[in-house]
Amino acid sequence: MQLSFAFPWAFLALALILFLPRYGNWVWRMLALTLLITALAQPRLNRPSQDIAVLVDVSDSIGRQALDALSTFDFSSLQRPPKIYYFASDVTAGTGSAEIPAFLPTERSDFARALQVAASAEAKRILLLSDGAQSAGDALLALPNIPVDTYEVTGLANARLLSLLAPEQASPGETVEVIAVIESDQEAEITLRPSVGDEALAAVRQRVLAGRSPIRFSFPVKGETDLTVSASLSVDFEQPQADDSQRINIAVSEQDPILVIGDPALADLLTTQGFEVNRGSPANIKSPLPYSAIVLRESAKLFTPGQLELLQSYVRNGGGLLMSGGPESFGLGAWYRTAVEEVLPVNTDLRSDVELPLVAMVIVLDRSQSMSSGNPSKVALAKEGAISVVELAYQEDRLGLIVFGDKTDWIFKLRKATERGKREMLQGILDISTQGGTILEPAYREAIAALNQSEAAIKHIIILSDGQLYDGRGPFSGGSDVNFSLIAALGLRDGITTSTIAIGEGADFQRLEAIALSGGGRYYRTLDVSTLPQIFTSEALTATRSLLREESLQPKPRPHPLNTGLGNSLPTLDAYIASSLKPDGEMLLEGIEGEPVLAISRQGLGRSAAFTTDLNSWAGAFGRWPQLPALLGTVMRWLQTSPANYSATITPLGNKLKVVVDAVKDGQYINNQSLEARYNGTRQSLTQVAPGRYEALLDDASSEGGTLIVVSGSEIVARALVSTPNTEFDKRGAGEFLQEIARQTGGQVLSEAGSYAPLTPSAATALWQWPAAAGLLIFMLELLIRRFLPLRFRRQATAAD
């Protein structure tokens, strides 16, 4: 027995006694008030509950462990014996027998049904004995309105085959690597028996530690028919076998070759992986593009705008594109704000909150009359490039623009690129007009002088011209020939770098190249003036951002199906190009502070990847890592996957299956379709959630597997093999799940067995009537005494008090 109070805070009202007047029968009044306050606190005498239900989990994941735990509980203190129920996929009344009923299906654990059955039997409290592995229903959405005490029982030791990871498509003759993901509760000797169709492959034996481990096997693709790859495992300890096998389908079709531009090391690696590789150049980028994937490691300056747009269209219509690192890749190669960058998983500019040095930059722009030629004119394109430099600048950067012709004029002197500053800079750029000849020296010297007065950490000049420089040699010259190389070298000595851009057929190529060489900058020669804005932004980005990370580091693998089994300790690489992951990008390998080393994304109907280190020179020990060819081969096969008209993807979500269907035909999304998914007797209509994409959630995530079909009217438009891991043996979060049941119902989490005699309000005797009656009686007596007892006796009673 135990005394408790429903409202113990009511005793705070006892403080009122301190304010009672101390005259007459004040002691009686104090006693009456104390008793009434005690009644308000709702005293009750708890005793062991009379109606207890015990739920015993007998599912496959726990076997008879909970039955054994039941025998360790002592229920003798209860007034009535508890009601025993065995549960798994269903619930049945138990007798306390040590045997699991043969008629009870045990492949699932349905906690929701078990709790509902126990509550409907008028139990006042439930004791739940289980390992907490829920594989059917959702108990937290169907909890009873009575306390549930939980006792976690250790389930059976188990090893299971979670999944088989393999490319979706393969070519005849190709060697395919498959990764079997194993999860074991303890260290064990695993024997994996894979097969392809009816042909058994050599068994693989491997010692694994507790947790998840990969086991790899490979096979050559024979013939041109689709393949069913399956595997089963056995271990050196007794364990359940319901989750020991998996199978997947691999579509077999002839693949177009992979075009590799500018990356001989990666081309060699892919060739050793069995891919058909064409080593090409930018000239190969022409319509149509007969390639299953394209690898780029060249500067964007080598491609025309039309080629860049063709590459973008190729990806969005189902192609695969990988950009690899190198001296002319990503931000170092003028890819910023190009059509290709739009379909990459990374931004080639740094969008993260990294600490950047203070930058001061002056654009020295040719405004001679020849700059007005062309449609659009060269000066218009130069303006566009200058505007892009302004937009790229951070607010603390200092920018200046000086124009030269017959004379030199500052459009705006060095100033901060604040919001107001940028507006005024843009207006000044738009007002530039052409006139006169081409005299560079005064403008160049003024730019150097302005930067010498700046305290910026990075000082840079960009010179653009389309004609011969008349300094010292033409009708507009002021004297002897000018040594621009010396001017540039003196500027470099003061920490000022100079890059030059020569455009058009008539530019002074020799002198502009010499300036860049002596000034420590870059020289751009372009006959295609339409690339001018792109060159401006690339040069500004390269000159002012530290894009090359030249420090040894270990890439960190991120959890992802494409890089399963890599481990946590990868070899070091020497350098990579900094970039930032886009919101739709998926990180596989991470560098410094979230910068990608390897990332992928889906772009329209196609796929893209970014590999920011360089296997030709920067990869270091990472480039010699034995697992790197398999990793890059897996990524390349993922890029090669081309969409069918209707393709179905199945993802297990707890006890359900998420079905996603992508519908496309001839590069166009198929919209407004009435699609239905059918699987193991379940039918569910799909809802369109995006262009060409339909989704549905199926309640039946049966572990037996099978084939899911997608139907449009009476036509089957897609099939998918369902082979999901059995959630009955997934014990992640099982302990927290049992704790949450107890917390939400007001029960207790039991840490040990033994005597079980819970005290519950439903089995308590209310006692409030007694102090309430006594308090009222004393109050009435005190009132009668004051009203009817003669004053003399009251005084005597008071004196006696």
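Computed from a prediction, not measured in an experiment: that's the story for all the values here. (Residues numbered from 1 in each chain as written. Predicted model: local features only at pLDDT ≥ 70, side-chain atom pairs only at ≥ 80, totals over all residues. Heavy atoms only, no water.)

(A) Region of the structure containing the overall build of the protein. When its secondary structure is counted, the protein shows 16 helices and 47 strands. A burial count over the protein gives 51% of its 801 residues as buried. Within the protein, contacts between residues separated by at least 24 positions form 69% of all contacts whose residues are at least 6 apart in sequence. Roughly 36,200 Å² of accessible area belongs to the protein as shown, and the carbon and sulfur atoms make up 51% of that amount. (Helix = DSSP H or I, 4+ residues; strand = E, 2+ residues; numbered from the N terminus. Buried < 20%, exposed > 50% of the residue type's maximum accessible area, 1.4 Å probe, protein only. Contact = heavy atoms within 4.5 Å. Areas by Shrake-Rupley, 256 points an atom, 1.4 Å probe, with all protein chains shown as cover.)

(B) Inspection of the packing of helix H6 (residues 378-392) against helix H7 (residues 419-430) at higher detail. Relative to each other, H6 and H7 sit at 175°, their axes nearing to 10 Å. Considered as vectors, H6 and H7 are oriented roughly antiparallel to each other. Contacts between H6 and H7 pair Lys383, Ala386, Ile387, Val390 and Glu391 from the former with Lys422, Met425, Leu426, Ile429 and Leu430 from the latter. Partitioning the contact of H6 with H7 into residue classes produces seven nonpolar, no polar and three charged. (Axes fitted to C-alpha atoms, helices over the stretch in contact; angles between N-to-C directions. Parallel < 35°, antiparallel > 145°, perpendicular 65-115°, else oblique. Nonpolar A, V, L, I, M, F, W, Y, C, P; charged D, E, K, R; others polar.)

(C) Expanded view of the pattern of salt bridges. Following the criterion strictly, the structure yields 33 salt bridges and no others. In this structure, the salt-bridge partner of Asp149 is Arg125, at a minimum N-O distance of 2.7 Å. Of this pair, Asp149 sits in strand E8 (residues 148-152) while Arg125 sits in strand E7 (residues 125-130); the two residues are 24 residues apart in sequence, bridging distant segments of the chain. Between Glu342 and Arg316 there is a salt bridge; the shortest N-O distance is 3.5 Å. Here Arg316 lies in helix H5 (residues 305-316) and Glu342 lies in the loop between strand E21 (320-324) and strand E22 (346-347), a separation of 26 residues in the sequence. Assessed through its relative accessible area of 44%, Glu342 is described here as partly exposed. Through salt bridges with shared partners, a single ionic network connects Glu187, Glu189, Arg207 and Asp236. (Salt bridge = Lys/Arg side-chain N within 4 Å of Asp/Glu carboxyl O.)

(D) Representation of the nonpolar core in the model. In terms of nonpolar packing, the biggest core is built from 35 residues, with Leu270, Leu322 and Met636 touching the most fellow members. At the level of secondary structure, the elements contributing two or more residues to this core comprise strand E18 (258-261), helix H4 (264-272), strand E20 (293-296), strand E33 (586-590), strand E34 (596-603), strand E35 (606-611) and helix H13 (628-640). Per element, the largest residue contribution to this core is seven residues, and it comes from H13. Judged by nonpolar contacts, the second largest core, of 30 residues, contains Ile285, Ala334, Ile577 and Ala599. (Core = buried A, V, L, I, M, F, W, Y, C linked by side-chain atoms within 4.5 Å.)

(E) Representation of unusual backbone geometry within the structure. In this structure, the amide linkage connecting Ser287 to the following residue, Pro288, adopts the cis form with an omega of -5°. With respect to the helices, strands and loops of the structure, Pro288 is situated in the loop between strand E19 (277-280) and E20. Cis peptide bonds are those with omega within 30 degrees of zero, and the linkage from Asn375 to Pro376 qualifies with 0°. With respect to the helices, strands and loops of the structure, Pro376 is situated in the loop between strand E23 (359-366) and H6. Here the phi dihedral of Gln42 falls at roughly 55°; this positive angle occurs in a residue that is not glycine. For Gln42, the location among the structural elements is in the loop between helix H1 (26-40) and strand E2 (43-48). Using a relative accessible area of 29% as the deciding quantity, one classes Gln42 as partly exposed. Backbone geometry at Phe330 places phi at a positive 50°, although glycine is not the residue there. Within the secondary structure layout, Phe330 lies in the loop between E21 and E22. A relative accessible area of 0% places Phe330 in the buried class.

(F) Structural context of the packing of helix H9 (residues 484-493) against helix H10 (residues 509-518). Axis separation between H9 and H10 bottoms out at 8 Å; the angle between their running directions is 20°. One way to sum up the angle between H9 and H10 is to call them roughly parallel. Crossing of H9 over H10 shows right-handed handedness. Only Arg511, Ala514, Ile515 and Ser518 of H10 make contact with H9, whose side of the interface consists of Phe484, Ser485, Ala488, Ala489 and Leu492. Of the residues contributing to the contact of H9 with H10, the split by class is six nonpolar, two polar and one charged. (Left-handed = near helix turned anticlockwise from the far one by under 90°.)

(G) Just the sheet that holds E33, in detail. Strand order in this open sheet of eight strands is E19-E18-E20-E21-E35-E34-E33-E30, and the pairing throughout is mixed. Each edge of the sheet is formed by a strand with only one pairing partner; in this case those strands are E19 and strand E30 (556-557). Here H5 sits on the sheet in contact with E20, E21, E34 and E35, set at roughly 140° to E20. Contacting E18, E20, E21, E33, E34 and E35, H13 runs over the sheet at an angle of about 155° to E35. (Pairing = 2+ DSSP bridges.)

(H) Inspection of a negative patch on the surface at higher detail. A surface patch of negative charge is lined by Glu224, Glu254, Asp256 and Glu276. With respect to the helices, strands and loops of the structure, Asp256 is situated in the loop between strand E17 (245-252) and E18. (Patch = residues over 30% accessible without salt bridge, like charges linked within 9 Å, V, L, I, M, F, W, Y side chains within 5 Å. Lys, Arg positive; Asp, Glu negative; His and termini not counted. Charge placed at Lys NZ, Arg CZ, Asp CG, Glu CD.)

(I) Layout of the side chain of His560. Relative to the helices and strands, His560 is located in the loop between E30 and strand E31 (576-577). Within the local environment of His560, its side chain forms a polar contact with the backbone nitrogen of Leu562, the two atoms lying 3.1 Å apart. Separated by 2.6 Å, the side chains of His560 and Glu586 make a polar contact. (Polar contact = N/O pair within 3.5 Å; in protein donor to acceptor, adjacent residues only side chain to side chain.)

(J) Quick look at the packing of aromatic side chains. As enumerated under the stated definition, the model contains 10 aromatic pairs in all. Ring geometry for Phe87 against Phe111: centres 5.3 Å apart, planes inclined by 65°, an arrangement best described as edge-to-face. Of this pair, Phe87 sits in strand E5 (residues 83-87) while Phe111 sits in helix H3 (residues 111-120), and the two are 24 residues apart along the sequence. Overall, Phe111 belongs to the buried group, its relative accessible area being 1%. For the ring pair Phe303 and Trp335, a centre distance of 5.7 Å and an interplane angle of 50° mean the geometry is tilted. With Phe303 in the loop between E20 and H5 and Trp335 in the loop between E21 and E22, the pair connects residues that are 32 residues apart, well separated along the chain. On the basis of relative accessible area, Phe303 is assigned to the buried category, the value being 1%. For Trp335, a relative accessible area of 0% gives the class buried. Here a set of aromatic residues connected by ring pairs shows up, and it is made of Phe73, Phe75, Tyr151 and Tyr756. Here the basic side chain of Arg525 rests over the ring of Phe509, its NZ or CZ set 3.8 Å away from the ring centre. (Phe/Tyr/Trp six-rings, centres within 6.5 Å; stacked < 30°, edge-to-face > 60°. Lys NZ or Arg CZ within 6 Å of the ring centre and 35° of its normal.)

(K) Structural view of the sheet that holds strand E6 (residues 91-93). The strand order E6-E5-E3-E7-E8-E45 describes an open sheet built from six strands, whose pairing is mixed. The open sheet has two free edges, formed respectively by E6 and strand E45 (749-750), since each of these has just one partner strand. Of the strands in this sheet, E7, E8 and E45 touch helix H14 (residues 734-745), which is tilted by about 165° from E8.

(L) Expanded view of H3. Listed in full, the buried residues belonging to H3 are Phe111, Ala112, Ala114, Leu115 and Ala118. Down the axis of H3, the buried side of the element spans an arc of 165°, and every buried residue falls inside it. Tucked into the core, H3 has its buried residues touching strand E3 (52-57), E5, E6, E7, E8 and H14. One side-chain oxygen of the residue at the start of H3 lies 3.4 Å from the amide nitrogen of Ala112, identifying that residue as Asp110. Following H3 by one or two positions, Glu122 has its phi on the positive side, about 65°. (Arc of directions from axis to C-beta.)

(M) Here's a closer look at the pairing of strand E42 (residues 693-698). Only one face of E42 is covered, namely the one carrying Tyr694, Ala696 and Leu698; the face carrying Arg693, Glu695 and Leu697 has none of its residues buried. Direction of pairing for strand E41 (residues 687-690) relative to E42: antiparallel, over a ladder of three bridges. Paired with Thr687 across the two strands is Glu695, which belongs to E42.

Without other data, these values stay purely geometric and don't point to any function.
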